[in-house]
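# Structural characterization, general
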Amino acid sequence: MNGFFGSLWWLLITLGVLVTFHEFGHFWVGRHFGVKVLRFSVGFGKPIWSRIGRDGTEYAIGGIPLGGYVKFLDEREADVAPEELDQAFNRKPIWQRMLIVAAGPVFNIVLCVALLWGMLVIGRPDYAPVIGQVKGLTAAAGIQPGDRILRIDGEDIPTWNDALPALARRAIAHQVATVDVRGADGRESTHALRLDQLPARINELELMDDMGMAAKRPPAPPIVGDVAAGSAAVGHVQPGDRILSVNGSRITDFGDIRPLVQKTEPGAPVQLVVERAGKTLDMAIAPIVQDGARVIGIGPQQDDNPPYDTVRRLGPLQAVPAAIHETGALLHDSVTMIGRMIRGQASRESVSGPVTIAKIANASAQMGPAYFLRFLALMSLSLGVLNLLPIPILDGGHLAMYAVEAVRGRPLGERALAISQSIGLMMILGLMGLAFYNDLFGQFH
């Protein structure tokens, strides 16, 4: 399936699964407490499909697949027949209304656990956590190329996809990480990785570079496969060129190019020597700075991702506590990221819109079922956490208003409610605007 239609298809699958499960949480708990459900809709806007179930509920699919809703019987929205007053949402005790509202995000978190369990049982192909290049903090800690990471602060590390978030959490918190490794000679050693010495403001995209750590991988020939449109290399480098040297340093592996470009003095051009059609050419390219990194905009001729060399797989029973533990860690990461965004410490690129999500959905699906399940789990958790934020019109905002009602002994007045809803709508529109801006910005850069 090609890029556009593949991305669209997997985005619809993703939204369909996550929204349906979220709204089913509201639906199921509401029905459990005897609330009449008028409509269960996946998607907003005019329904493109609907039918009335035996229970009297209208089940619908809206034309705008960016969410969904459950419409309960409620006197605040329409007149309710006297014989149905006991089924009205607004007539239920506060604690029941709070549980109904909280059920959607909670179901998303439960779904995250289930999806991660499925990923672990299927088995996730991955890379062994063997270190390739070291510099800076990693080199200062005494960690050597070829060392295999065994544990980080006592936590077993079977793959690189386990090592990266464990290191990132400690880097963001500026904590010293205790890293147990096994060297190429088979000897085990323990090292203190001084992540507390990282800069106060961390760029998540350059975190591993800042640590001075890179994964070991087979060398890729330094042959240019593509030149990014609008990049600094346009008009200089061509696909098929072999990079012989960068700033005077001989190149035998395409992966050596990027670190040498980063070492170029600010404002100075990158000096390249390339081989093209049997001729040697010298060229100077002024790199472009993106997200604090210097780039010239060239990619390797072959796939830069080597074949996986390990699989993380657990039995059905072992996978249960592992999935719960990973969900807890991801939940902690999500809350930490939200806190960093509120304090202005996280990059605005952290907020993604539907275009970026669609691309990631398609890419993860192409990587195999285990990676798509993990992607769904991350999205489900993110949806649950986002909806728990105390922003009016979100589930968390409703929970906050019910908490105020419980303290005051009566609900908020209509004027206060209208104002809070307007503020919440503006906040959500602002967040959506940033997400769409990042999508659009990413298309042109």
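Structure's up top.
How each quantity is defined
- Residues numbered from 1 in each chain as written.
- Predicted model: local features only at pLDDT ≥ 70, side-chain atom pairs only at ≥ 80, totals over all residues.
- Heavy atoms only, no water.
- Helix = DSSP H or I, 4+ residues; strand = E, 2+ residues; numbered from the N terminus.
- Buried < 20%, exposed > 50% of the residue type's maximum accessible area, 1.4 Å probe, protein only.
- Expected span 1.5 Å × (residues − 1).
- Bend = angle between axes of the 7 residues up to and from the residue.
- Axes fitted to C-alpha atoms, helices over the stretch in contact; angles between N-to-C directions.
- Contact = heavy atoms within 4.5 Å.
- Nonpolar A, V, L, I, M, F, W, Y, C, P; charged D, E, K, R; others polar.
- Salt bridge = Lys/Arg side-chain N within 4 Å of Asp/Glu carboxyl O.
- Parallel < 35°, antiparallel > 145°, perpendicular 65-115°, else oblique.
- Left-handed = near helix turned anticlockwise from the far one by under 90°.
- Pairing = 2+ DSSP bridges.

## Brief notes about the environment of Ala 177
Position of Ala 177 among the secondary structure elements: in strand E7 (residues 176-182). With relative accessibility at 0%, the residue Ala 177 sits in the buried group. For the pair Ala 177 and Leu 193, spaced 16 residues apart in the sequence, the C-alpha separation amounts to 5.0 Å.

## A closer look at helix H2 (residues 94-122)
Along its 29 residues, H2 runs 42 Å from first to last C-alpha, staying within 8% of the 42 Å computed at 1.5 Å per residue. Maximal helix bending in H2 amounts to about 40°, located at Ala 103; proline Pro 105 follows within four positions. Backbone geometry just downstream of H2 places Gly 123 in the positive-phi region, at approximately 105°.

## A short note on the packing of helix H8 (residues 354-367) against helix H9 (residues 369-387)
Interhelical geometry of H8 versus H9 gives an angle of 150° and a closest axis separation of 7 Å. Residues Ile 357, Ile 360, Ala 361, Ser 364, Ala 365 and Met 367 of H8 form the contact with H9, whose participating residues are Tyr 371, Phe 372, Phe 375 and Met 379. Here the contact of H8 with H9 is built from residues that sort into 9 nonpolar, 1 polar and no charged.

## A word on the pattern of salt bridges
For the structure on display, the rule yields 19 salt bridges. Note that Asp 180 is salt-bridged to Arg 151, the shortest N-O span being 3.1 Å. Of this pair, Asp 180 sits in strand E7 while Arg 151 sits in strand E5 (residues 148-152), and the two are 29 residues apart along the sequence. Since its relative accessible area comes to 13%, Asp 180 is described here as buried. Across the pair Asp 162 and Arg 312 runs a salt bridge, and its minimum N-O distance is 2.9 Å.

## Side note on the packing of H2 against H9
Between H2 and H9, whose axes approach to 8 Å, the crossing angle comes to 165°. With respect to each other, H2 and H9 are oriented roughly antiparallel. Seen along the crossing, H2 lies across H9 with a hand that is left-handed. Contact residues: Pro 105, Asn 108, Ile 109, Leu 111, Cys 112, Leu 115, Leu 116, Gly 118, Met 119 and Ile 122 in H2; Ala 370, Leu 373, Arg 374, Leu 376, Ala 377, Ser 380, Leu 381, Leu 383, Gly 384 and Asn 387 in H9.

## Observations concerning the sheet that holds strand E11 (residues 242-246)
The 4 strands are arranged E12-E11-E13-E14 in an open sheet whose pairing can be described as antiparallel. In this open sheet, the two edge strands, each paired with only one partner strand, are strand E12 (249-250) and strand E14 (279-285). Relative to E12, E11 is paired through 2 bridges, and the arrangement is antiparallel. When the bridges of E12 are listed, Val 246 appears paired with Ser 249.

## Remarks on the pairing of E14
Of the pairings in the sheet, the one linking strand E13 (residues 270-276) to E14 comprises 7 bridges and is antiparallel in character. What sits directly across from Gln 271, in E14, is Ala 284. Where E13 folds back on E14, the antiparallel hairpin that results is connected by 2 residues, among which Ala 277 adopts a positive phi of roughly 55°.

## Looking at unusual backbone geometry
As a rule of thumb, non-glycine residues mostly have phi less than zero, and peptide bonds are mostly trans rather than cis. Not every positive phi belongs to a glycine, and Asp 153 is a case in point at roughly 55°. Secondary-structure assignment places Asp 153 in the loop between E5 and strand E6 (155-156).

## Points about the sheet that holds E5
Backbone-to-backbone hydrogen bonds pair the strands of a sheet. The strands run either parallel or antiparallel. Taken together, 4 strands build an open sheet; the order of strands is E6-E5-E7-E8 and the sheet is antiparallel. Strands at the two margins of the open sheet, each flanked by one partner only, are E6 and strand E8 (188-194). Where E5 meets E6, 2 bridges bridge the pair, whose relative direction is antiparallel. Residue Arg 151 lies in a different strand from E6, and its bridge partner there is Asp 156. Running over the sheet, helix H4 (residues 160-172) touches E5, E6, E7 and E8 and is turned about 50° from E5.

## A look at H8
Along its 14 residues, H8 runs 20 Å from first to last C-alpha, staying within 8% of the 20 Å computed at 1.5 Å per residue. Of the residues trailing H8, Gly 368 is marked for its positive phi of about 125°.

## Describing the side chain of Arg 374
Along the chain, the position of Arg 374 falls in helix H9. Look at Arg 374 and you get buried, because its relative accessible area is 13%. Those residues in contact with Arg 374 that lie beyond four places of it in its chain are Leu 116, Met 119, Arg 124, Glu 326 and Leu 330.

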